Amino acid sequence: MPKIVDHEHRRTELVQAALRIVVRSGLSGATMRDIAHEAGFANGAIKPYFQTKADLLLATYEHIYRATNARMRARTRGKRGLAALEGFAEEVLPVNPALQEEAMVFLAFLGEAAQNPEHLRVSRNSMEEWRTWIRDWLAEAIEDGEVAAGLDVDIHADLLLTLAIGAQPMSILDRQRFTSENLRRMVRRHLDRLRGEQDA
């Protein structure tokens, strides 16, 4: 009887193998041969799922993005306004070893996206979704009286998104300064400043 292959499970195994290799060796060290070996497959077994390394990197980014969003939804369930924003930050900022590893893959993907229009489109769509959530939470904070009614939601959504994205490379480039606690402190300080702030 022929062996039944769970193709979705095999794709996930390859994505997870790619993630581990990028973390260990960087994008340049993530050859298709090494990724297949890491996943325990023959070299040719990867081609039916991903034709190129760029395809596999895109799938790895999307895997991380979906996982982050799932954690974020769980963390913010039942929360509104600034409390939801704190939950968002806790799942996006690289505040633990697993999230620091995801940050390394995220940075590798952004470097690829700069040269690949399809990857750039996916990245922009992802960030726009996060920006929409941030704007909604800021609007809730205004509605609930946590922040001043005149708050410029668009500007502060962009600031918070920039903080979340900018923390990724900084946590890798300067881990002594951009520690988990310092990243959390920056978010708390920013949210504290939002309370009662009135934009012109």
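Preceding this section is the structure that the text describes.
Anyway, here's the lowdown on the structure attached to this text. (Residues numbered from 1 in each chain as written. Predicted model: local features only at pLDDT ≥ 70, side-chain atom pairs only at ≥ 80, totals over all residues. Heavy atoms only, no water.)

A few points about the overall build of the protein
Rules: For the purposes of this entry, the term helix denotes a DSSP run of H or I that reaches at least four residues, the term strand denotes a run of E that reaches at least two, and both are numbered from the N terminus. Think of it in three bands: residues with accessible area under 20% of the maximum for their type are buried, residues over 50% are exposed, and the middle band is partly exposed, with areas taken using a 1.4 Å probe on protein chains only. A positive count includes Lys and Arg, and a negative count includes Asp and Glu. His and the chain ends are not counted in either. A charged residue contributes its charge at one atom only: NZ of Lys, CZ of Arg, CG of Asp or CD of Glu.
Helices and strands together make up the secondary structure of the protein, namely 8 helices and 0 strands. When the elements of the protein are put in sequence order from the N terminus, they spell out α-α-α-α-α-α-α-α. Dimensions of the protein, computed from the C-alpha atoms along their principal axes, are close to 65 × 40 × 30 Å. For the protein, the proportion of its 200 residues judged to be buried stands at 43%. Computed over 27 positive and 29 negative side-chain charges, the inter-centroid distance for the protein is 6 Å.

Some details on the nonpolar core
Formally: As used in this record, nonpolar core signifies buried Ala, Val, Leu, Ile, Met, Phe, Trp, Tyr and Cys residues forming a set joined through side-chain atoms within 4.5 Å. Contacts between residues were defined by any pair of non-hydrogen atoms, one from each residue, lying within 4.5 Å.
Residues Leu85, Phe88, Trp130, Ile134 and Leu138 are the most contacted members of the largest nonpolar core, which totals 39 residues. When contributions to this core are tallied by element, the ones reaching two or more residues are helix H3 (53–76), helix H4 (81–92), helix H5 (97–113), helix H6 (117–143), helix H7 (153–173) and helix H8 (180–194). Take this core: its biggest share by element is 8 residues, from H6. Each residue touching Trp130, except ones within four places of it in the same chain, is listed here: Tyr65, Thr68, Asn69, Met72, Phe88, Val92, Leu161 and Ile165.

Brief notes about helix H1 (residues 7–25)
What counts is decided by this rule: Every helix has an expected span of 1.5 Å times one less than the residues it contains.
With 19 residues, H1 should cover 27 Å at 1.5 Å per step; its first-to-last C-alpha distance of 27 Å lies within 8% of that length. All of the buried residues in H1 are Leu14, Val15, Ala17, Ala18, Leu19, Ile21, Val22 and Val23. Where H1 is buried, its residues touch helix H2 (32–39), H3 and H5. One or two residues past the end of H1 sits Gly26, with phi positive at roughly 80°.

As for H7
Where we set the bar: Bend angle per residue: angle between axes fitted to the 7 residues ending at that residue and the 7 residues starting there.
An ideal rise of 1.5 Å per residue puts 30 Å on 21 residues; H7 measures up with 30 Å between its terminal C-alpha atoms. Along its length, H7 shows its largest kink, about 35°, at Ala167, and proline Pro169 lies within four residues downstream of that point. The inward-facing, buried residues of H7 abut H4, H5, H6 and H8.

Here's the deal with the packing of H3 against H5
Our working definition: Note on method: axes are straight lines fitted to C-alpha atoms, helices fitted across the in-contact stretch only, with angles between N-to-C directions ranging 0 to 180 degrees. For classification, angles of less than 35 degrees are called roughly parallel, those exceeding 145 degrees roughly antiparallel, those between 65 and 115 degrees roughly perpendicular, and all remaining angles oblique. When the near helix sits turned anticlockwise from the far one by under a right angle, the crossing is termed left-handed; a clockwise turn instead gives a right-handed crossing.
Axis separation between H3 and H5 bottoms out at 10 Å; the angle between their running directions is 135°. Of the possible angle classes, the one that applies to H3 and H5 is oblique. For the crossing formed where H3 meets H5, the hand is left-handed. Every residue of H5 that contacts H3 at Ala54, Leu57, Leu58, Thr60, Tyr61, Ile64, Thr68 and Arg71 is listed here: Leu99, Glu102, Val105, Phe106, Ala108, Phe109 and Glu112.

A few points about the pattern of salt bridges
Threshold: Salt bridges are counted wherever a side-chain nitrogen of Lys or Arg sits within 4 Å of a carboxyl oxygen of Asp or Glu.
Following the criterion strictly, the structure yields 16 salt bridges and no others. Note that Glu38 is salt-bridged to Arg24, the shortest N-O span being 2.9 Å. You can see Glu38 sitting in helix H2 and its partner Arg24 sitting in helix H1, a full 14 residues away along the chain. Using a relative accessible area of 24% as the deciding quantity, one classes Glu38 as partly exposed. For Arg131, the salt bridge identified is with Asp158, shortest N-O distance 2.5 Å.

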